[in-house]
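What follows is each chain in one-letter form.
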Amino acid sequence: MKLKNIFAMLIITLLVTFSMIAEGQNEKDDKPWPAKSIQIVVPYSPGGDTDFNARTYAKYLTESLGIPVVVTNMTGSGGTVGARHVLDADPDGYTVLWCHSALLVGEAAGTWEKDITSDYELSCIGGRNYSIMLFASKDSPFNTFQDAVEASKKNPNTITYAANTGATTYFVGATLNSQGANFKLADFGGGSDRLAAMMGGHVDIVPNAYGMMKDYIDSGEVKALVNTGSERLNEVPNVPTVSELGFPDSTLDLFYYFAFPEGTPEEIVTKWSEAVREISEMKSYQDEIYKAYFQQPFYRNTTEALEVLKSQRNTIMKYTDLLKVN
């Protein structure tokens, strides 16, 4: 009898212990978001403008949300490897994509089958870049963009333009050709790879962000020919836009956005958006992005971001036949 009592007491003790463990686990599960570190997925290599913007936000978001916010670079297939990773992640608010307009071009080109405005939970736009310019080396015979265009017309498919197939640089090159230019589009990788190719004499025209190229411009090693953004950059007001020179279809601003996996709770999406808004209004943040890439703060909440990206998507999708990659 005594043994039975001891056994019964043991069973009761185990049940109470398991109950306490379960209760503790439930309390942990019920803890308001965020309860652990958050991963920002950047689908491009470290060191570029997309990566810089993500890491700048991550630093401030860590302070704002009180938990670690880390950046992970997942490269491959024009950004689609990282984008798919986020799409397939648990919709619990702990994985978020930071990307830009390139995925819209990828969709039009057929290298990406998803729509960022409907297949994800778009949180907000946290940045805009309208400083992507076309450059030539100091030894180039082209001193203006018109020089390069005329040369491409006289010698079709011989003036090489560096473009990532299915990405924003490809969009600009393809639409320039559709409006009268006749460049040879060739894939030379990312920004640093394109710069190296131009310096090595392997390519004639290179698209890159002004912030990345400023030192080379100042030293006279490269020439800024034209801006593919929607307006002139204050820092180089003498560089015209493609629209001003008669190539309006090649205008493309990059909008950087945060997007969660489909099904992520609305309150999480909104809380993240509000945290980004607060950071975008901080002077320290604004000074940091200007110093690095001459960016001005740019924020749009979920509703506004959807309007902006749907509009840009509609514009880009008009060129599906032109951009389609076989």
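Above this text sits the structure in question.
Quick caveat: nothing in here was measured; it's all calculated off a predicted structure.

**Q** Mind laying out unusual backbone geometry, listing which residues take part and the relevant values?
**A** In this model, W33 is joined to P34 through a cis peptide bond whose omega is 0°. Among the structural elements, P34 can be located in the loop between helix 1 (2-29) and strand 1 (38-42). Not every positive phi belongs to a glycine, and S77 is a case in point at roughly 55°. Mapping S77 onto the fold places it in the loop between strand 2 (69-73) and helix 3 (80-88). One non-glycine residue, N157, lies in the positive phi region at around 65°. Relative to the helices and strands, N157 resides in the loop between helix 5 (145-154) and strand 6 (160-162). Of the residues examined, N157 reaches a relative accessible area of 46% and is grouped as partly exposed.

**Q** So what's going on with the packing of helix 4 (residues 102-109) against helix 11 (residues 302-317)? Which residues, and what values?
**A** Contact geometry for helix 4 and helix 11: axes closest at 9 Å, N-to-C directions at 35°. Helix 4 and helix 11 meet at a crossing whose hand is right-handed. Judged by residue contacts, L104, V105, E107 and A108 of helix 4 engage L309, Q312, R313, I316 and M317 from helix 11. Of the residues contributing to the contact of helix 4 with helix 11, the split by class is six nonpolar, one polar and two charged.

**Q** Tell me about the sheet that holds strand 1, and please be specific about residues and values.
**A** One open sheet accounts for five strands, arranged 2-1-3-10-4; its pairing is mixed. Strands with a single pairing partner mark the edges of an open sheet, and in this sheet they are strand 2 and strand 4 (120-129). Ignoring which end each strand starts from, the neighbouring axes of this sheet average 25° apart. In this sheet, strand 2 lies alongside strand 1 in parallel orientation, the contact comprising five bridges. By the bridge assignment for strand 2, I40 is matched with V71. Those strands touched by helix 11 are strand 4 and strand 10 (254-261), and its axis lies near 75° from that of strand 4.

**Q** Which residues make up the packing of aromatic side chains, and what values go with them?
**A** All chains considered together, the criterion is met by 17 aromatic pairs. Judged by centre distance (5.3 Å) and plane angle (80°), the ring pair of Y290 and F294 falls under edge-to-face. Its relative accessible area of 33% is what places Y290 among the partly exposed residues. Assessed through its relative accessible area of 14%, F294 is described here as buried.

What counts, and where the lines are drawn
- Residues numbered from 1 in each chain as written.
- Predicted model: local features only at pLDDT ≥ 70, side-chain atom pairs only at ≥ 80, totals over all residues.
- Heavy atoms only, no water.
- Helix = DSSP H or I, 4+ residues; strand = E, 2+ residues; numbered from the N terminus.
- Buried < 20%, exposed > 50% of the residue type's maximum accessible area, 1.4 Å probe, protein only.
- Axes fitted to C-alpha atoms, helices over the stretch in contact; angles between N-to-C directions.
- Left-handed = near helix turned anticlockwise from the far one by under 90°.
- Contact = heavy atoms within 4.5 Å.
- Nonpolar A, V, L, I, M, F, W, Y, C, P; charged D, E, K, R; others polar.
- Pairing = 2+ DSSP bridges.
- Phe/Tyr/Trp six-rings, centres within 6.5 Å; stacked < 30°, edge-to-face > 60°.

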